Amino acid sequence: MTALDLSSPVAVVGTGTMGQGIAQVALVAGHPVRLYDAAPGRAREAADAIGARLDRLVEKDRLTGAERDAARARLTPAETLDGLAGCALVVEAVVERLDVKQELFRALEDVVGEDCLLATNTSSLSVTAVGGALRVPGRFVGLHFFNPAPLLPLVEVVAGFATDPASATRAYETARAWGKTPVACADTPGFLVNRIARPFYAEALAVHEDRGADPATIDAVLRGSGGFRMGAFELTDLIGQDVNESVTHSVWQGFFQDVRFTPSLAQRRLVESGRLGRKSGQGWYDYRDGAERPEPHTAGPAEAPAYVVVEGDLGPAAELVGLIREAGIEVRPEDGYGAGRLVLPGGGTLRLTDGELPVSEDLVHFDLALDYRAAARIALSATAGVRPSLLSEATGLFQALGKKVSVVGDVPGMIVARTVARIIDLAFDAVAKGVAAPEDVDTAMRLGVNYPLGPFEWSRRLGDTWAYYLLANVHEWEPSGRCAPSLALHRHAEAAEDREGTPS
Ligand SMILES: NC(=O)c1ccc[n+]([C@@H]2O[C@H](COP(=O)([O-])OP(=O)(O)OC[C@H]3O[C@@H](n4cnc5c(N)ncnc54)[C@H](O)[C@@H]3O)[C@@H](O)[C@H]2O)c1
């Protein structure tokens with residue numbers, strides 16, 4: 001099954017933000033494109049707006065003048081739905097309402113031929129439900145573009161329950177021919193990206209609600225240690241708190257209120273108060289004129305320890321040993337069993353969080369970093385009763401490695417570690433349930449939400465059992481089930497232990 005022929009006309013219905021972007025993509029790829037919008041005059045305005053964007057592409061030397069003129073000549077607004085007769089593909093990008101979309105597709109079926117591919121750009125409705133009322137539901141598919149569609153390469157190609165595999169393949173190949181990176185996925189709430197990304201927001205909100213740290217500190221740790229481009233609070237302020245909350249809500253409802261997708265009360269109250277983020281001037285942060293951005297918690301200077309005893313294998317934090325040596329601090333290696341640890345001269349222990357609470361006065365946890373060498377910031381966590389001299393030694397150690405240090409409250413799994421573990425868990429769960437292939441999940445999360453690594457790449461780097469044990473421990477402390485590892489992740493860890501001959 002191949003992509004649609006470039007001579008085949010493509011229609012875009014609903015010419016708002018997404019419709020215009022999708023139309024531009026199909027147009028620049030070479031198709032004749034027809035635009036239709038229910039609001040009178042809107043399709044013509046959209047054609048003008050797309051024309052202006054093509055002009056800018058010419059200015060930037062990304063399109064020749066001749067290509068622009070040819071593209072403009074291929075773009076036609078339609079006054080009525082009947083003007084879409086003869087199209088080979090219709091992509092719908094109207095308002096996100098099931099009744100409106102269903103009615104539109106029923107009307108479209110009377111206009112287009114039986115071999116016309118019908119696609120919805122819905123982000124949160126069930127593709128199966130949108131196409132459910134069609135006479136020929138096999139030709140109906142989800143084509144989920146990301147905003148701005150001309151710039152973002154990812155397209156989720158969603159096969160509904162009744163979608164004919166040939167239709168899904170044709171949509172997939174067509175998206176690829178348009179220069180996009182399609183990923184195939186099944187019709188489940190949030191598809192791929194919006195499903196697997198939920199913990200990125202949820203864990204930050206949970207740490208904040210549990211008084212683990214303030215938004216500025218959590219954001220700084222997610223960026224400086226986790227390697228994420230933006231923290232969860234600043235990102236949701238950019239997306240719009242109402243938009244982000246409504247996606248969370250729809251995924252949670254779509255999974256029949258599965259506890260793993262529980263929305264946040266703190267975000268609910270924020271939305272109710274009208275603090276929707278940048279667009280309303282205030283969200284988690286204040287964007288009004290003159291407002292100051294709060295600083296993350298950053299520990300004051302502390303003395304570096306003279307030496308560090310490294311006991312056992314530090315696992316995902318093993319790179320620290322070399323960094324400590326490079327900083328001129330003596331490393332005394334010792335054999336050890338179980339998870340590795342750093343013993344500081346005062347006798348206290350510093351260890352990578354394993355999802356347990358650091359309940360002893362002699363224990364400090366540090367958070368996971370994507371790359372300890374590149375990390376600008378490291379979070380430390382300890383019980384309120386920790387020996388102050390131990391916290392100071394731990395702070396001094398990371399400062400000697402050139403890191404800023406944020407001391408956060410004792411929430412199990414800290415910030416980066418629990419976020420990454422939960423993303424990995426949802427990725428394993430989705431693949432085990434047949435939603436998508438692991439490579440497609442990795443592609444989707446890197447391209448759709450800019451994660452520095454795909455969940456499966458991350459899991460391989462951290463070790464096959466790491467996320468499972470971290471979440472199993474967090475779940476012991478927070479038994480709501482929200483962080484409970486999935487059966488798929490459990491199986492993956494068991495299989496890894498069987499291969500390695502470790503008793504499980
Ligand atoms: N905005 C995003 O970031 C984004 C990203 C991915 C997917 N989506 C999805 O794309 C769709 C469109 O979103 P948007 O942000 O472009 O919305 P938008 O409000 O910018 O545009 C919607 C357009 O649809 C038109 N419309 C409404 N009902 C119609 C009908 N019955 N027939 C024809 N036209 C009709 C409206 O006049 C409007 O021009 C939604 O399903 C949304 O969930 C949005």
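Residues numbered from 1 in each chain as written. Predicted model: local features only at pLDDT ≥ 70, side-chain atom pairs only at ≥ 80, totals over all residues. Heavy atoms only, no water.

Engineer: What is the right way to read the site of the ligand from this model?
Structural biologist: The environment of the ligand is formed by 22 residues, the closest being Met18, Asp37, Glu96, Lys101 and Ser123. At 3.3 Å, a backbone N or O of Val94 approaches an oxygen atom of the ligand. Contact between the ligand and Asn147: an oxygen atom at 3.4 Å from a side-chain N or O atom of the residue. Coverage of the ligand by the protein amounts to 73% of the 830 Å² it exposes when considered alone. Comparing atom positions with the cavity grids shows the ligand to sit within the largest pocket. Elements supplying a minimum of two residues to the shell around the ligand: helix H1 (17-29), helix H4 (98-109) and strand E6 (140-145). Among the residues making up the shell around the ligand, the classes are represented as 10 nonpolar, eight polar and four charged. (Near = heavy atom within 4 Å. Polar contact = N/O pair within 3.5 Å; in protein donor to acceptor, adjacent residues only side chain to side chain. Areas by Shrake-Rupley, 256 points an atom, 1.4 Å probe, with all protein chains shown as cover. 1 Å grid on protein atoms, 1.4 Å probe; cavity = no way out; pocket = protein on both sides within 12 Å on 5 of 7 lines; lining within 4 Å. Sits in = over half its atoms within 2 Å of the grid points. Helix = DSSP H or I, 4+ residues; strand = E, 2+ residues; numbered from the N terminus. Nonpolar A, V, L, I, M, F, W, Y, C, P; charged D, E, K, R; others polar.)

Engineer: When you look at unusual backbone geometry in this model, what are you seeing that I'm missing?
Structural biologist: With the exception of glycine, the majority of residues adopt a negative phi angle, and the majority of peptide bonds are in the trans configuration. The linkage connecting Asn147 with the following residue, Pro148, adopts the cis geometry, with an omega of -5°. Within the fold, Pro148 resides in the loop between E6 and strand E7 (154-159). Non-glycine residue Gln257 carries a positive phi angle of around 60°. By the secondary structure assignment, Gln257 is in the loop between helix H11 (241-254) and helix H12 (265-272). In this structure, Asn450 is a non-glycine residue whose phi angle is positive, near 65°. Topologically, Asn450 is positioned in the loop between helix H16 (438-449) and helix H17 (455-462). Exposure remark for Asn450: the relative accessible area of 36% places this residue in the partly exposed category. (Buried < 20%, exposed > 50% of the residue type's maximum accessible area, 1.4 Å probe, protein only.)

Engineer: Help me understand the pairing of strand E13 (residues 363-366), please; the structure alone is not making it clear to me.
Structural biologist: Here E13 shows no split at all, with Leu363 and His365 on one side and Val364 and Phe366 on the other all buried. Sheet topology note: the strand E12 (residues 349-352)/E13 ladder contains four bridges and is parallel. When the bridges of E13 are listed, Leu350 appears paired with Val364. Here E13 pairs with strand E14 (residues 377-381) via two bridges, running antiparallel. Residue pairing across strands places Phe366 opposite Leu380, the latter belonging to E14. (Pairing = 2+ DSSP bridges.)

Engineer: Please clarify how the side chain of Thr443 should be interpreted in this entry.
Structural biologist: One can find Thr443 in helix H16. Taking the relative accessible area as the measure of exposure, Thr443 reaches 18% and is therefore buried. One polar contact links the side chain of Thr443 to the main-chain carbonyl oxygen of Glu439, over a distance of 2.9 Å.

Engineer: What should I look at first to understand the pairing of E6 in this one?
Structural biologist: Taken residue by residue, a regular strand's side chains alternate between the two faces of the sheet. Buried residues dominate E6, accounting for six of its six residues. Along E6, one buried face is formed by Phe140, Gly142 and His144 and the opposite face, lined by Val141, Leu143 and Phe145, is buried too. As judged from the three bridges shared by strand E5 (residues 117-120) and E6, these two strands associate in the parallel manner. In the sheet register, Thr120 faces E6, and the bridge partner there is Gly142. Of the pairings in the sheet, the one linking E6 to E7 comprises four bridges and is antiparallel in character. Bridging from a neighbouring strand, His144 pairs with Glu156 of E7.

Engineer: How do you make sense of helix H9 (residues 215-224) when you look at a structure like this?
Structural biologist: Residues spaced three or four apart along an α-helix face the same direction, because each turn holds 3.6 residues. Of all 10 residues in H9, nine are buried, a share of seventy percent or more. Residues Pro215, Ala216, Thr217, Ile218, Asp219, Ala220, Val221, Leu222 and Gly224 constitute the buried set of H9. The inward-facing, buried residues of H9 contact helix H8 (198-209), helix H10 (232-239), E14, strand E15 (404-408) and helix H15 (416-432). (Contact = heavy atoms within 4.5 Å.)

Engineer: What is the right way to look at the layout of surface pockets in this model?
Structural biologist: Leftover empty space is mapped by rolling, across the atoms, a probe with the size of a water molecule. Here the largest pocket defines a volume of roughly 1300 Å³. What lines the largest pocket is a set of 42 residues, and nearest its centre among them are Phe146, Asn147, Asn194, Ile239 and Val243. Taken together, the elements giving at least two residues each to the lining of the largest pocket come down to H1, E6, helix H7 (193-196), H8, H10, H11 and H16. With six residues, H11 is the largest single contributor of residues to the lining of the largest pocket. Grouping the amino acids of the lining of the largest pocket by side-chain chemistry returns 21 nonpolar, 16 polar and five charged. (Points joined across faces, edges and corners; volume = space filled by probe spheres on them.)

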